[in-house]
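A look at the structure
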Number of protein chains: 2
Amino acid sequence: MAALILKTRLAAELAPINKALDDACEALPAPVLPIVRHILNAGGKRLRPFLTICTARLLGHDRDDIYGLAVTMEMLHAATLLHDDVLDNAVSRRGQPAAHTVFNAASVILAGDALLARANAIVAQFGNPALSQCFSEATSRTAAGEILEISCMRRVDLSEAEYLQIAHGKTACLLGESCRLGALRANASPGEVRAAYDFGLNLGLAFQIVDDALDFAPGEQTGKPTGGDAREGKLTPPLRLYRQSLGHAEREAFDRAFANGTIDEQMAGEIAKSIREKGFDHAARQIAGEYLQKARDAAGRLPDRPERKILLLMADYVGAREK
Amino acid sequence: MAALILKTRLAAELAPINKALDDACEALPAPVLPIVRHILNAGGKRLRPFLTICTARLLGHDRDDIYGLAVTMEMLHAATLLHDDVLDNAVSRRGQPAAHTVFNAASVILAGDALLARANAIVAQFGNPALSQCFSEATSRTAAGEILEISCMRRVDLSEAEYLQIAHGKTACLLGESCRLGALRANASPGEVRAAYDFGLNLGLAFQIVDDALDFAPGEQTGKPTGGDAREGKLTPPLRLYRQSLGHAEREAFDRAFANGTIDEQMAGEIAKSIREKGFDHAARQIAGEYLQKARDAAGRLPDRPERKILLLMADYVGAREK
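A quick note: this is a predicted structure, and the numbers were derived from the prediction, not measured.

Here the focus is the overall build of chain A. Check the secondary structure of chain A and you find 16 helices and 2 strands. Here the C-alpha atoms of chain A give a radius of gyration of 20 Å, agreeing with the 20 Å that 2.2 N^0.38 yields for 323 residues. C-alpha extents for chain A along the principal axes are approximately 60 × 45 × 35 Å. Per-residue burial over chain A gives 57% buried out of 323 residues. Expressed as a percentage of contacts within chain A between residues at least 6 apart in sequence, the contacts between residues at least 24 apart total 75%. Surface accessibility of chain A: about 13,100 Å² in total, with carbon and sulfur atoms responsible for 51%. On chain A, the mean spot of the 38 positive side-chain charges and the mean spot of the 41 negative ones are 3 Å from each other.

Given below as structure tokens:
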């Protein structure tokens, strides 16, 4: 029932969000439009604009101009995905061929740049420097998170704090800033702006950790190859727990393969199976649960209006995600 | 004498500009710092911040906080260069190895993203939405120009209007916006803001056309391989004039090689020699001269203060550039 309420609400917002995205992208240079449409039409739940809209409404902003502002966060996210696909040399994204396999890499990078610039211009048009600061903060931190992730690749000694810093930058900040953007637009008090940001940030940390747990789920369940993080050299929470559980000789072999990037599909499948059998994916979800509790606590510092219930349902949704 | 005045003035501004650049980059994520320093320390005349500073002073802004704002345009420019080097697969830049040959391509792209985000954040901190709009306009148009250039590559039927649109986007706009930024910061009148922009824009168009003429100068003069634009499939003004001068059979051979990207170093050298002998590089400079006149006219609509003389000297400098 609760899930249905959220689903209905998300579905109801999808059309105006997509309309606003179309409008925002109309002014883009013609040659990049197919690339931008490719990434935006590949799906995505529009969680970021949804967070901005919910937060703004919760804090008393009732006007429909929120859609134009909210989609800037999806544009930033899409720009990041375009650059990521080139960086990772990814073959597919959300079940579609990755943009750079359809278009050339140079155009994909420039499409990301143009999309980001357009989003930035839209935010600037609102004429409120706090909104522009929020947007540029989101951009800076997302880039910083990805940079840190790359510089930490294949390191078996990655600390939990370093992992959290990466998750913070590459995922959580953008969700936090999406909420902050809505709160700022609603002219909320500093305490409410902070609570909105804290909600999004903790939701984002949980989202990333659940994502990391799902990386070791069977491919039939998620539609993605199992254990991709192990192959790419990302020491996520389930993988750290797995590594700690190994005996000396086994761990030495794992460390060597992980550091050298020689974990193949078969080995990744075996690691994933072992992670599930030993319950390390479940353990990671428990860590995510702690951040979801922090998110719920932050939501508790926001006004008791119907939209707060939606935010709480989103926390439930993130915790229960199975693919 | 005139050149000396400009040179002295540029030299005097170089230290505070570089100091402001260092300060601005301090907050960047540590892993990208070496990449950013690589591109910023590779030289560059800092023309863009210099334009912002001159325009702001000319229009009555005397405070030194202009340096912090002015360097955002150099940061945008450097971010573009970082992405360009990856896109073009360039081997060197300003006589130094290109960033992506020293660092990995993924880090270079992300360093560009982080640099742009940081510049954006600095502009937002000034708390004036017009400045943020100016910055995002510069970013959007630069990306659009580069995208258009890529989509027009190897086209022998590129029109003069299309060429100008590319030059406008990839070079001239940023110089125009650099001037506008200074004028806005000085709280200039709309007419003065427009004149400042027109000056920079036309200076930029001339700059690009002179650059295109210099592409066919002997390598000993410029330190760059001759005729790179012919090899890369860019139909610049001297090359269009050259193509028009060819007889039917010769033109067909040129068109085929240009469209297929099979112009080699030797053929490019021969084309360049012919362009110089027939004076097409000189003819391109004459076109540049017309834009410089427009730039001077625009400067004429600005107050008659010492900085206006500097702007006029810059127009002379762009026209006389030999490497």
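Our focus in this paragraph is the side chain of Arg-243 of chain A. Examined against the element boundaries, Arg-243 of chain A turns out to sit in helix α12 (residues 237-245). Judged by relative accessible area, Arg-243 of chain A falls into the buried class, the value being 17%.

Contacts between the two partners involve 35 residues from chain A and, on the opposite side, 34 residues from chain B. Buried surface at the junction of chain A and chain B, both sides included, amounts to about 2,700 Å², of which 77% is carbon and sulfur. The three residues of chain A that bury the most area against chain B are Leu-87, Leu-110 and Ile-147 of chain A, which together make up 21% of that side's buried surface. Inspection of the region where chain A meets chain B yields 5 residue pairs in polar contact (both at pLDDT 80 or more). Put simply, the parts of the chain that give the side of chain A that touches chain B at least two residues each are α4 (66-88), α6 (105-125) and α7 (129-152) of chain A.

Turning next to the relation of the copies chain A and chain B. With an RMSD of 0.0 Å, the fit of chain A onto chain B corresponds to turning through 180° and sliding 0.0 Å along the axis. The symmetry that links the two subunits is that of a two-fold axis. Taking the C-alpha atom as reference, chain A places Pro-129 of chain A closest to the rotation axis, 2.9 Å from it. Mapped onto chain B, 97% of the interface residues of chain A are again interface residues, and the two copies thus contact each other with one and the same surface.

This part covers the packing of α7 of chain A against helix α6 (residues 105-125) of chain B. Running from amino to carboxyl end, α7 of chain A crosses α6 of chain B at an angle of 160°, the nearest separation of the two axes being 8 Å. One way to sum up the angle between α7 of chain A and α6 of chain B is to call them roughly antiparallel. Crossing handedness for the pair α7 of chain A and α6 of chain B: left-handed. Counting all contacts with α7 of chain A, which are made through Pro-129, Ser-132, Gln-133, Phe-135, Ser-136, Thr-139, Ser-140, Ala-143, Glu-146, Ile-147 and Ile-150 of chain A, the residues of α6 of chain B involved are Ala-106, Ser-107, Leu-110, Ala-111, Asp-113, Ala-114, Ala-117, Arg-118, Asn-120, Ala-121, Ala-124 and Gln-125 of chain B.

For the rest of this paragraph, the subject is the pattern of salt bridges. As a working rule, side chains carrying opposite charge can pair if their charged atoms are close by. All names here are of chain A. Applying the stated criterion across every chain, the model contains 47 salt bridges over all chains. Of the charged contacts, one joins Asp-198 and Arg-301 as a salt bridge, the two residues approaching to 3.1 Å between their closest N and O atoms. With Asp-198 in helix α9 (residues 190-214) and Arg-301 in the loop between α15 (280-300) and α16 (306-320), this pair connects stretches of sequence that are 103 residues apart. By relative accessible area, Arg-301 is classed as partly exposed at 47%. Across the salt bridge formed by Asp-304 and Arg-308, the nearest N and O atoms sit 3.3 Å from each other. Salt bridges sharing common partners tie together Arg-9, Glu-13, Arg-57, Asp-64 and Glu-307.

What follows deals with unusual backbone geometry. Positioned with a positive phi, Arg-46 of chain A is a non-glycine residue whose angle comes to about 60°. Position of Arg-46 of chain A among the secondary structure elements: in the loop between α2 (33-40) and α3 (47-58). Non-glycine residue Asn-187 of chain B carries a positive phi angle of around 55°. Structurally, the position occupied by Asn-187 of chain B is in the loop between α8 (160-185) and α9 (190-214). For Asn-187 of chain B, a relative accessible area of 68% translates into the label exposed.

What counts, and at which threshold
Residues numbered from 1 in each chain as written. Chains lettered and ligands numbered in written order. Predicted model: local features only at pLDDT ≥ 70, side-chain atom pairs only at ≥ 80, totals over all residues. Heavy atoms only, no water. Helix = DSSP H or I, 4+ residues; strand = E, 2+ residues; numbered from the N terminus. Rg over C-alpha atoms; globule rule 2.2 N^0.38 Å. Buried < 20%, exposed > 50% of the residue type's maximum accessible area, 1.4 Å probe, protein only. Contact = heavy atoms within 4.5 Å. Areas by Shrake-Rupley, 256 points an atom, 1.4 Å probe, with all protein chains shown as cover. Lys, Arg positive; Asp, Glu negative; His and termini not counted. Charge placed at Lys NZ, Arg CZ, Asp CG, Glu CD. Buried area = accessible area lost by both parts, 1.4 Å probe. Polar contact = N/O pair within 3.5 Å; in protein donor to acceptor, adjacent residues only side chain to side chain. Least-squares fit on C-alpha atoms with pLDDT ≥ 70 in both. Axes fitted to C-alpha atoms, helices over the stretch in contact; angles between N-to-C directions. Parallel < 35°, antiparallel > 145°, perpendicular 65-115°, else oblique. Left-handed = near helix turned anticlockwise from the far one by under 90°. Salt bridge = Lys/Arg side-chain N within 4 Å of Asp/Glu carboxyl O.

Keep in mind that these numbers describe shape and distance, not what the molecule does.
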